[in-house]
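Listed below are the residues making up each chain.
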Amino acid sequence: MLTLKNLDDSTPFVSQHNVETGPVTIINTFVAPEGKTDEVLAAWAADAQYMKDTGDLLAVQLYRGIGGSRLFTNVAVWKSPAALRAAFNTPEFAKHAEQYPAGTLAYPHLYQKVAVEGICGGE
């Protein structure tokens, strides 16, 4: 079972779903239980396919820590927090969350691009 944790307790992940804005990036780091990285990867793949099938997931990429790390980081762009909320609050997503091995932790947070003059563009 997937357990969600907040990176920033002043802005819990679930409350971020209620912000009205355009595209957002979810950056979600998973910690796989010892010996369960293959199971986490399989659960994530099924979960990501479900999210992709909603039509509101614009892009997604999974990263894995190197050197025997048990960390995975999902970076996904959604049309809006409302679109993510709609997919997240379904019985289908709940079923996917149950497929992760016991002890799997996730630290999701929503972000938007920030413009820094001369360095990078924002929204």
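Please refer to the structure placed before this passage.
1. Focus: the overall build of the protein chain
Consideration 1: A tally of regular secondary structure across the protein chain gives four helices and five strands.
Consideration 2: When the helices and strands of the protein chain are placed in sequence order, the string is β-α-β-α-β-β-α-α-β.
Consideration 3: Against the 2.2 N^0.38 benchmark of 14 Å for 123 residues, the protein chain shows a C-alpha radius of gyration of 15 Å, consistent with a compact globule.
Consideration 4: C-alpha atoms of the protein chain, sized along the principal axes, occupy 45 × 35 × 30 Å.
Consideration 5: For the protein chain, the accessible area works out to roughly 7,200 Å², and carbon and sulfur atoms hold 54% of it.

2. What to know about helix α3 (residues 81-88)
Helical geometry note: an α-helix holds 3.6 residues per turn, so side chains three or four residues apart project in the same direction.
Consideration 1: For α3, every residue scored as buried is listed here: Pro81, Ala83, Leu84, Ala87 and Phe88. Buried residues of α3, seen end-on, are gathered within an arc of 160 degrees and therefore sit on one face of the element.

3. What about a nonpolar patch on the surface?
Consideration 1: Taken together, the side chains of Val114, Val116 and Ile119 present a nonpolar region at the surface, about 300 Å² in accessible area.
Consideration 2: Looking at the secondary structure, you find Ile119 in the segment after β5 (104-111).
Consideration 3: Residue Ile119 is classed as exposed on the basis of its relative accessible area of 69%.

4. Overview of the sheet that holds strand β2 (residues 24-31)
Consideration 1: A sheet is described by the order of its strands in space; here five strands give the open sequence β1-β5-β2-β4-β3, paired in mixed fashion. Here the strands that pair on one side only, and so sit at the sheet edges, are β1 (2-4) and β3 (57-64). Averaged over all pairs of adjacent strands, the angle between their axes in this sheet comes to 25 degrees, without regard to strand direction.
Consideration 2: Pairing geometry for β2 and strand β4 (residues 71-78), over eight bridges, is antiparallel.

5. Regarding the pairing of β2
Within a regular beta strand, the side chains point alternately toward one face of the sheet and then the other, so they alternate between its two faces.
Consideration 1: Only one face of β2 is covered, namely the face carrying Val24, Ile26, Asn28 and Phe30; the face carrying Thr25, Ile27, Thr29 and Val31 is uncovered.
Consideration 2: Pairing analysis gives seven bridges linking β2 to β5, with the strands arranged antiparallel. Paired with Thr25 across the two strands is Tyr111, which belongs to β5.

6. Focus: the environment of Val114
Consideration 1: Structurally, the position occupied by Val114 is in the segment after β5.
Consideration 2: For the pair Val114 and Thr90, spaced 24 residues apart in the sequence, the C-alpha separation amounts to 31 Å.
Consideration 3: Residue contacts for Val114: discarding those within four places in its chain leaves Cys120, Gly121 and Gly122.

7. Considerations on the packing of helix α2 (residues 37-53) against helix α4 (residues 91-98)
When two helices pack together, their arrangement is given by the angle between their axes and by how far apart the axes lie.
Consideration 1: The contact between α2 and α4 brings their axes to 9 Å, and the two run at 165 degrees. By the criterion of interaxial angle, the relationship of α2 to α4 is roughly antiparallel. Every pair of crossing elements has a handedness; the one defined by α2 and α4 is left-handed. Along the contact surface, α2 presents Ala46, Asp47, Tyr50 and Met51, while α4 presents Glu92, Phe93 and His96.
Consideration 2: Here the residues of the contact of α2 with α4 are counted per class, giving four nonpolar, one polar and two charged.

Procedures and definitions
- Residues numbered from 1 in each chain as written.
- Predicted model: local features only at pLDDT ≥ 70, side-chain atom pairs only at ≥ 80, totals over all residues.
- Heavy atoms only, no water.
- Helix = DSSP H or I, 4+ residues; strand = E, 2+ residues; numbered from the N terminus.
- Rg over C-alpha atoms; globule rule 2.2 N^0.38 Å.
- Areas by Shrake-Rupley, 256 points an atom, 1.4 Å probe, with all protein chains shown as cover.
- Buried < 20%, exposed > 50% of the residue type's maximum accessible area, 1.4 Å probe, protein only.
- Arc of directions from axis to C-beta.
- Patch = residues over 30% accessible without salt bridge, like charges linked within 9 Å, V, L, I, M, F, W, Y side chains within 5 Å.
- Salt bridge = Lys/Arg side-chain N within 4 Å of Asp/Glu carboxyl O.
- Pairing = 2+ DSSP bridges.
- Axes fitted to C-alpha atoms, helices over the stretch in contact; angles between N-to-C directions.
- Contact = heavy atoms within 4.5 Å.
- Parallel < 35°, antiparallel > 145°, perpendicular 65-115°, else oblique.
- Left-handed = near helix turned anticlockwise from the far one by under 90°.
- Nonpolar A, V, L, I, M, F, W, Y, C, P; charged D, E, K, R; others polar.

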